Amino acid sequence: MLISTLTSNQVMTTTSKDKSGSGFRTSDRAQHALGGVLFGLCFPVISTFFDMAVQGIEVNGANIVSTQVNQPLHWVIDSAPLFLGLFAYWIGVRQEKLKDANKKVMDILYNTLPWQIADEILEHGVSKPRYYEHVTVLFVDIQGFTQMATESSPRQLVEELDQYFSLFDKIVGLYGVEKIKTIGDAFMAAGGIPDPTRTNTSEVVRSAIEIRDKTVELNKERAKQGKRTFDIRIGIHSGPVVAGLIGKRKYSYD
């Protein structure tokens, strides 16, 4: 286990798919409405020709107009394009809302679980636990967090943690390292899962070095603004693991 302690005044050396579819837009709704109007325009013409054929009337311009006017429900047929266009527009709006809602749900799912695990759940309803021969796990925690928690309001503490952990999120993502979870002041990520990679140790160590360096920069910025700084500790361990979903509600990949 390799441990590196970082203070705000000194730097210690540490060893180191768009899955969601876009919703309908104005152009899509317009296409639906246009389709309904075109269908509606064709409908009275087809109805008129059918009526003329039944009555044995010769097909010409004058007879077409006369037949259409003499139909008892001609006003309904003539207004069909308007009603069908409005109906098609309403369908387009409903589809847009459904797709937008589905996109939000999918975004939440893919932000909660690794996308491979999320796909497996969507396709099969379950995700089987797996054994991995070599995974590198990264731990980052805040020094003196318990004392800080007694000196801060809940809102301030959460906002400060969010600033640091959001930075860690971004960094591990750049190196293809999977964030697993946060527990209080602890941030946990891993390389080599759910897709095994032979270089996961290198990727984790490089992300750890960048987390260390970016935290130093962030602490300097916060110190200039008169804000409290957080010192962090980084731990890295490599070895075999078993990984899978824990629980049946509010899934947790662990």
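Fair warning: this is a prediction, and the values are worked out from it, not measured in the lab.

About the thresholds
Residues numbered from 1 in each chain as written. Predicted model: local features only at pLDDT ≥ 70, side-chain atom pairs only at ≥ 80, totals over all residues. Heavy atoms only, no water. Helix = DSSP H or I, 4+ residues; strand = E, 2+ residues; numbered from the N terminus. Areas by Shrake-Rupley, 256 points an atom, 1.4 Å probe, with all protein chains shown as cover. Expected span 1.5 Å × (residues − 1). Buried < 20%, exposed > 50% of the residue type's maximum accessible area, 1.4 Å probe, protein only. Contact = heavy atoms within 4.5 Å. Phe/Tyr/Trp six-rings, centres within 6.5 Å; stacked < 30°, edge-to-face > 60°. Axes fitted to C-alpha atoms, helices over the stretch in contact; angles between N-to-C directions. Left-handed = near helix turned anticlockwise from the far one by under 90°. Nonpolar A, V, L, I, M, F, W, Y, C, P; charged D, E, K, R; others polar. Pairing = 2+ DSSP bridges. Lys, Arg positive; Asp, Glu negative; His and termini not counted. Salt bridge = Lys/Arg side-chain N within 4 Å of Asp/Glu carboxyl O. Core = buried A, V, L, I, M, F, W, Y, C linked by side-chain atoms within 4.5 Å.

J.: Lay out the overall build of the protein in plain terms, naming residues and giving numbers.
T.: In terms of regular secondary structure, the protein is built from eight helices and seven strands. For the protein, the accessible surface area stands at approximately 15700 Å², while carbon and sulfur atoms represent 59% of it.

J.: Give me helix α7 (residues 154-174): which residues, what numbers.
T.: In a regular helix each residue adds 1.5 Å, so 21 residues correspond to 30 Å; α7 covers 30 Å between its end C-alpha atoms and thus fits that length. Every buried residue belonging to α7 is among L157, E160, L161, Y164, F165, F168, I171 and V172, and all of these are buried. As for α7, its buried residues are in contact with β2 (130-142), α6 (145-151), β3 (178-183), β4 (186-191), α8 (200-224) and β5 (232-243). A positive backbone phi angle near 70° is found at G176, which sits one or two residues after α7.

J.: Give a description of the packing of aromatic side chains that names residues and reports values.
T.: In total, this model carries four aromatic pairs according to the counting rule given. Aromatic side chains Y164 and F230 sit 5.0 Å apart centroid to centroid with 20° between the ring planes, which places their arrangement in the stacked category. In this pair, Y164 is assigned in helix α7 and F230 in the loop between α8 and β5, connecting sequence segments 66 residues apart. There is no split in this pair, since Y164 and F230 are both buried. The interplanar angle of 75° and the centroid separation of 5.6 Å between the aromatic rings of F168 and F187 together place this pair among those described as edge-to-face. In this pair, F168 is assigned in helix α7 and F187 in strand β4, connecting sequence segments 19 residues apart. Taken individually, F168 and F187 each receive the classification buried, so the pair is uniform in this respect. These aromatic residues form a ring-pair network of at least three members: F165, F168 and F187.

J.: Account for helix α5 (residues 115-124), with residues named and values stated.
T.: Considered for burial, the residues of α5 that qualify are Q116, I117, A118, E120 and I121. Count one or two residues on from α5 and you reach G125, which has phi positive near 85°.

J.: Account for the packing of α7 against α8, naming residues and giving values.
T.: For any two helices packed against each other, the geometry is given by the interaxial angle and the distance between the axes. Close contact between α7 and α8 brings their axes to 10 Å; oriented N to C, the two are set at 145°. The two elements α7 and α8 meet at a crossing, and its hand is right-handed. Contact residues: E160, Q163, Y164, L167, F168, I171, V172 and L174 in α7; S207, E210, I211, K214, T215, L218, N219 and R222 in α8. Among the residues forming the contact of α7 with α8, the class breakdown is eight nonpolar, four polar and four charged.

J.: Quick one: what's the story with the pairing of β2, residue by residue and with numbers?
T.: Relative to β5, β2 runs antiparallel, the two sharing eleven bridges. Of the residues in β5, the one forming a bridge with F139 is G235. Judged from the six bridges that link them, β2 and β4 form a sheet pairing that is antiparallel. Following the sheet pairing, L138 is matched in β4 by A189.

J.: So what's going on with the side chain of E203? Residues and values would help.
T.: Structurally, E203 can be placed in helix α8. At 6.2 Å, R206 is the nearest oppositely charged side chain to E203, a buried residue that forms no salt bridge. In contact with E203, not counting residues within four places along its chain, are Y175, V177 and T197.

J.: Now, about the nonpolar core: what can you tell me, with residues and values included?
T.: The nonpolar side chains of a soluble globular protein tend to be buried, and buried together. The biggest cluster of nonpolar side chains holds 24 residues, and the ones touching the most others in it are L138, V140, F168, I211 and I234. The dominant element in this core, judged by the number of residues it contributes, is α7, at seven residues. In this view, F168 contacts V140, F187, I211, T215 and I232; residues no more than four positions away in its chain are not counted. If you look at the next biggest cluster of nonpolar residues, it comprises 17 residues, including Y132, I180, M188 and L245.

J.: Which residues make up the environment of L161, and what are the values?
T.: Topologically, L161 is positioned in helix α7. Residue contacts for L161: discarding those within four places in its chain leaves I142, F145, G184, D185 and F230.

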